[in-house]
Amino acid sequence: MEENLLVSASPHITSKASTTNIMLDVIIALVPSMVASVVIFGFRAFVIIVDTVFVSVLAEYISRKVMKRENTVYDLSAVVTGILLALNLPVGINPIYAAVGSIAAIVVVKQMFGGIGNNFVNPALTARIILLSSFPTAMTTWAAPFWYKSGTVDAVTCATPLALRNNGETVAIKDLFFGTTGGCLGETCALAILIGFVYLIVRRVISPIIPLSYVGTVAVMSLLFGTDVLFEILSGGLLLGAVFMATDYTTSPINAKGRAVFAVGCGILTYLIRNYANLPEGVSFSILIMNILVPLIERATSPHPFGEKESKNAKV
Amino acid sequence: MEKTFLSLPEKPYRTRGGVHVLHKKNTCNCESVIMPCPKKVILPMVQHIGTPCKPVVKTGMQVAIGDLIAEGEGMVSAPIHATVSGRVGKITKIKLPTGHIEDAVILESDGEMRISKKIKPPVINTVQDFLNAVNTSGLVGLGGAGFPTHVKINVPDEKHVDTLIVNCAECEPYITTDNREAIENTDNVINGIILMIRMLSLDRAIIGIENNKPEAIKKLKKAIKECKEKEKQKICVLSLKSRYPQGAEKVIIKAAVNRVVPMGKMPVDTGCIVMNITSVAFISSYIRTGIPLVSKRITIDGSAISEPKNVIVPIGTMIKDIIDFCGGYKEKCGKLISGGPMMGIALASDRFPILKQNNAILAFNEKDAVLPKPTDCIRCGKCVQSCPFSLMPVAIEKAVKLNNTEELERRGVMDCMECGTCAYNCPAHRPLVQIMRQGKSMVRNTSKKQGV
């Protein structure tokens, strides 16, 4: 006779998916970009990544402790935030500044709003904006690719492809694709980002709706306004933003239609900021602005329950 | 009115969402075995959706299989018959798996399994005779819902039904009783379908079956081929994608005939009747033999069961007796489920009787019994993607937390069928089905207060 068995609501089985596994997949998808950044920008890139990841995890641990909440370090989301922040910084940045960015991302943007799933803007992107407004020079000094072969990180600098274009110069598409240009750690190498994108799609971590509509919108805008489409797609942080930042679960709509609207909005804003505004922050600002609009987008695009349309028709 | 010819579908239509669950159909090739007569059976007065039955026997009376034990009360009810021969024991209150306390008749078996002499096949001359016969047979939806069949097939005059969908999808993992029914009882299945088509003057009957049951599909197709030309044109086997919850009533209607049941309406409003394959076969066997619903095929499986089996047991047999018949527990049982793992009810002990609508008892060891701990929602949207009814569980959870019944109704919480697909897919392991139920009861309480 078996008595006092465990009783719970159905279902009694679950899939193997877990938050930790999803975050692990994102980390794996980020590996190519991390490797590329170390190859292009040297060991210092590795130091920055370790720095932001370590500080992010520590900040998550301490803030949960202080708030007397359950420890969530194991879900690996702080690691993802740390990596994404590092990939959004120039290699020459002072590691202490980078650490400040990690703390801002985890403590202010994420934990103060309730931790994973509750922040309304992307932590890494917001931290990047905070750093940009706090340390504008450090955040816009770009070390040249392979600087470590010829001098110090502050001495061997160059401009980003977008800045070069605005000065009327051109950049080879090949350099953009393989990432041998100036820019943030992770944004320069399109190839590495695309490998990560394919991995995320294959593992079904993200749906391709956001990256494709985002990049597609920028491409269409650039066709309409007569700028170089390929250059527009491959330069700046567009690919990194479209694949890893705009697809952040928490700060993007949960339904397919909403995601498309969100991504198209990001694309339009990115193009406008890049070509008509003074700040060099097309992708960051457009994603942040659209993050804030997510609740409205969701409200306007939420799916109709099965049979709702039919029941309305039946009444008429 | 001009009669339009309805074609039989060749391919299933698109349905939304769902999930690939592990099939775990370990017992699909286990031929059903008849369990020896148990010492006693317990027959609760509620084995259906609707009003409880009223006992018509007294303690000490002798009964044989098929004798009426309890009469249905009111419109929505189904009578209960003796499932073993012997003496009527105590008539007492027992607790049901759902937590309700109801009257139950206990029968002490004499071990002879005598069939009552009063039993004779019903005489069917008119449609009304047929409906009455289904009523007296005690049949309820055997797929698990337990809705009295005679109510379901008694279509109001203003509604027109043209299609019978025979549900053999069996999308729940582990359960293989419908599969075995299709294989072992093919003739009754086909006869039942023909009977239904004739009695309800239907245009067509579609047997919806998931494609993970090739043997059953083959047998059914062969049996249809052997039918008379006139009937052959009206019946088909529709092989469905193996994607949970393909067997949910509204989902299978969409898949089979591409009709959408309007919110808050019944399948009959779209001209369809959905019946479980075992129910259909039972109608045929009742019309032939007159033996009411007294036994049931049950799949016994799970990681804690020694010998997983398909067992035919008298209704009212104690779960413990059946598990003992299957070699008992292999390991310490951690969780006992009546039904499938996706929608079944967890039982606190194995001292419950088998009810008419049960089709599986699953026992899991202690390791499988514990589900992962819920963590915070990360808004991944998997619940929204996987909901077959396009609901947004994540939004409903928020509304439940805020106690916002208006929002809950707007989000369609009342339409949730609690299939569990969202909770199954949730990487944060949110107990979404529980939250849906909470949301439903909030809405019900509010409308009660408003006197609606």
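Moving on, we get to the overall build of chain B. Along the backbone of chain B there are 15 helices and 17 strands. Computed over its C-alpha atoms, the radius of gyration of chain B comes to 22 Å, within 12% of the 22 Å expected for a compact globule of 452 residues. Its C-alpha atoms give chain B principal-axis dimensions of roughly 65 × 60 × 50 Å. Among the 452 residues that make up chain B, the fraction classed as buried is 54%. A separation threshold of at least 6 residues defines the contact pool for chain B, and within that pool the share at least 24 residues apart is 73%.

Attention shifts here to the overall build of chain A. Summing up its helical and strand segments, chain A has 15 helices and zero strands in all. Scaling as 2.2 N^0.38, a compact globule of 316 residues should have a C-alpha radius of gyration of about 20 Å, and chain A matches this with 21 Å. Residue burial in chain A is summarised as follows: out of 316 residues, 51% are buried. Counting contacts in chain A only where the partners sit at least 6 residues apart, residues at least 24 apart contribute 73% of the total.

Working definition: the strands of a sheet are paired by backbone hydrogen bonds and lie parallel or antiparallel to each other. All names here are of chain B. Strand order across the open sheet formed by four strands is 11-10-9-12, with parallel pairing between neighbours. Each having just a single partner strand, strand 11 (235–240) and strand 12 (272–276) make up the two edges of the open sheet. Within the sheet, the average angular offset between the axes of one strand and its neighbour, ignoring direction, is 25 degrees. Summarising the sheet, strand 10 (residues 204–210) and strand 11 pair through six bridges and their orientation is parallel. Its bridge partner being in strand 11, Ile-209 is matched across the sheet by Ser-239. Across the sheet, helix 4 (residues 186–199) touches strand 9 (163–168), strand 10 and strand 11, and the angle it forms with strand 9 is around 155 degrees.

It is worth spelling out helix 8 (residues 277–289) of chain B at this point. For an α-helix the count is 3.6 residues per turn, leaving residues at separations of three or four pointing the same way. Residues and elements named next belong to chain B. For helix 8, with 13 residues, the first-to-last C-alpha span of 18 Å sits near the 18 Å given by 1.5 Å per residue. Taken across its 13 residues, helix 8 has ten buried, putting it largely inside the fold. At its buried positions, helix 8 is contacted by helix 1 (127–136), helix 2 (149–153), strand 9, helix 3 (177–184), helix 4 and strand 12. Phi for Gly-290, located one or two positions after helix 8, is positive at around 80 degrees.

Below, the discussion takes up the pairing of strand 8 (residues 101–109) of chain B. All names here are of chain B. Two strands pair when backbone bridges link them, and strand 2 (residues 40–44) and strand 8 are joined in this way by five bridges, in the antiparallel orientation. The residue bridging Ile-42 from the neighbouring strand is Ile-106, located in strand 8. As defined by bridge partners, strand 7 (residues 86–95) adjoins strand 8 across eight bridges and the pair is classed as antiparallel. Within strand 8, the residue paired with Ile-94 across the bridge is Glu-102. Adjacent in sequence and paired antiparallel, strand 7 and strand 8 are bridged by five residues, among which Gly-99 carries a positive phi angle near 100 degrees.

Bringing the environment of Lys-110 of chain A into the picture now. Residues and elements named next belong to chain A. Tracing the backbone through its elements, the reader meets Lys-110 in helix 4 (residues 95–110). Expressed as a C-alpha distance, the spacing of Lys-110 and Asn-313, which sit 203 residues apart in the sequence, is 45 Å. Setting aside chain neighbours within four positions, we find Lys-110 in contact with Ala-105, Gly-115, Asn-119 and Pro-123.

Glancing now at the interface of chain B and chain A. The interface of chain B with chain A comprises 53 residues on the first partner and 37 residues on the second. When contributions to the side of chain B that touches chain A are tallied by element, the ones reaching two or more residues are strand 15 (333–338), strand 16 (345–347), helix 12 (393–401), helix 14 (421–425) and helix 15 (432–449) of chain B. A per-element tally of the side of chain B that touches chain A places strand 15 of chain B first, with five residues. Here the side of chain B that touches chain A is composed, by residue class, of 32 nonpolar, twelve polar and nine charged.

So, about the packing of helix 10 (residues 209–225) of chain A against helix 13 (residues 256–276) of chain A. Residue and element names in this part refer to chain A. Contact geometry for helix 10 and helix 13: axes closest at 8 Å, N-to-C directions at 40 degrees. With respect to each other, helix 10 and helix 13 are oriented oblique. At the point where helix 10 passes helix 13, the crossing takes the right-handed sense. On the side of helix 10, the interface is formed by Ile-209, Ile-210, Ser-213, Tyr-214, Thr-217, Val-218, Met-221, Ser-222 and Phe-225, while helix 13 contributes Ala-256, Arg-259, Ala-260, Phe-262, Ala-263, Val-264, Cys-266, Gly-267, Ile-268, Thr-270, Tyr-271 and Asn-275.

This paragraph deals with the domain arrangement of chain B. Residue and element names in this part refer to chain B. When the domains of chain B are assigned, the result is domain 1 (127–289) and domain 2 (382–449). A straight line from the C-alpha centre of domain 1 to that of domain 2 covers 30 Å. Between domain 1 and domain 2, the contact holds five residues from the first and six residues from the second. Class assignment of the residues belonging to the side of domain 1 that touches domain 2 gives a composition of five nonpolar, no polar and no charged.

Right, let's get into the nonpolar core. With 216 residues, the main nonpolar core has Ile-83 of chain A together with Val-166 and Ile-396 of chain B as its most contacted residues. The element contributing the most residues to this core is helix 1 (residues 19–41) of chain A, with nine residues. Counting contributing residues, this core receives three or more from each of domain 1 (127–289) and domain 2 (382–449) of chain B. Look past the residues within four positions of Ile-83 of chain A in its chain and what remains in contact with it is Ile-27, Leu-30, Met-34, Ile-49 and Val-53 of chain A.

Here we take up the sheet that holds strand 16 of chain B. All names here are of chain B. Within the open sheet, the six strands sit side by side as 1-14-13-17-15-16. Their pairing is mixed. What marks the edges here is a single partner per strand, and that holds for strand 1 (33–34) and strand 16. Bridge analysis of strand 13 (residues 295–301) against strand 17 (residues 360–365) gives three bridges, and the strand direction is parallel. Opposite Ile-300, over in strand 17, you have Ile-361 as the bridge partner. The sheet contacts of helix 3 involve strand 13, strand 14 (309–314) and strand 17, and relative to strand 13 the element is tilted by about 125 degrees.

Conventions we followed
- Residue positions within a chain follow its written sequence, with the count starting from 1.
- By the order in which they are written, chains take letters starting at A while ligands take numbers starting at 1.
- Local features in this predicted model are restricted to residues of pLDDT 70 or higher, and side-chain atom pairs are both shown and tallied only at a pLDDT of 80 or more, whereas totals for entire chains, interfaces and linings draw on every residue.
- A helix here means a DSSP run of H or I that spans at least four residues, while a strand means a run of E at least two residues long, and both kinds are numbered starting from the N terminus.
- Each radius of gyration reported is based on C-alpha atoms, and the globular scaling rule is 2.2 Å times the count of residues to the power 0.38.
- Partly exposed residues are those whose C-beta has more than 12 but fewer than 20 other C-beta atoms within 10 Å; 20 or more makes a residue buried and 12 or fewer makes it exposed, with C-beta atoms placed from the backbone.
- Each residue gets a C-beta atom placed from its backbone, and two residues are in contact if those atoms lie within 7 Å.
- We treat two strands as partners when DSSP finds at least two bridges between them.
- An axis is simply a line fitted to the C-alpha atoms; with a helix, the fit covers only the stretch in contact. Between two such axes, the angle follows the N-to-C directions and lies from 0 to 180 degrees.
- A helix is expected to span 1.5 Å for every residue after the first.
- Think of it as three bins: nonpolar holds Ala, Val, Leu, Ile, Met, Phe, Trp, Tyr, Cys and Pro, charged holds Asp, Glu, Lys and Arg, and polar takes everything else, Gly as well.
- Each angle gets one of four labels, with under 35 degrees taken as roughly parallel, over 145 as roughly antiparallel, 65 to 115 as roughly perpendicular, and the rest as oblique.
- Definitions for this section: a left-handed crossing has its near helix turned counterclockwise from the far helix by less than a right angle. A right-handed crossing has that turn clockwise.
- An automatic or database domain assignment supplies the start and end points of every domain.
- Among buried residues, those of type Ala, Val, Leu, Ile, Met, Phe, Trp, Tyr and Cys that are joined through C-beta atoms within 7 Å form a set called a nonpolar core.

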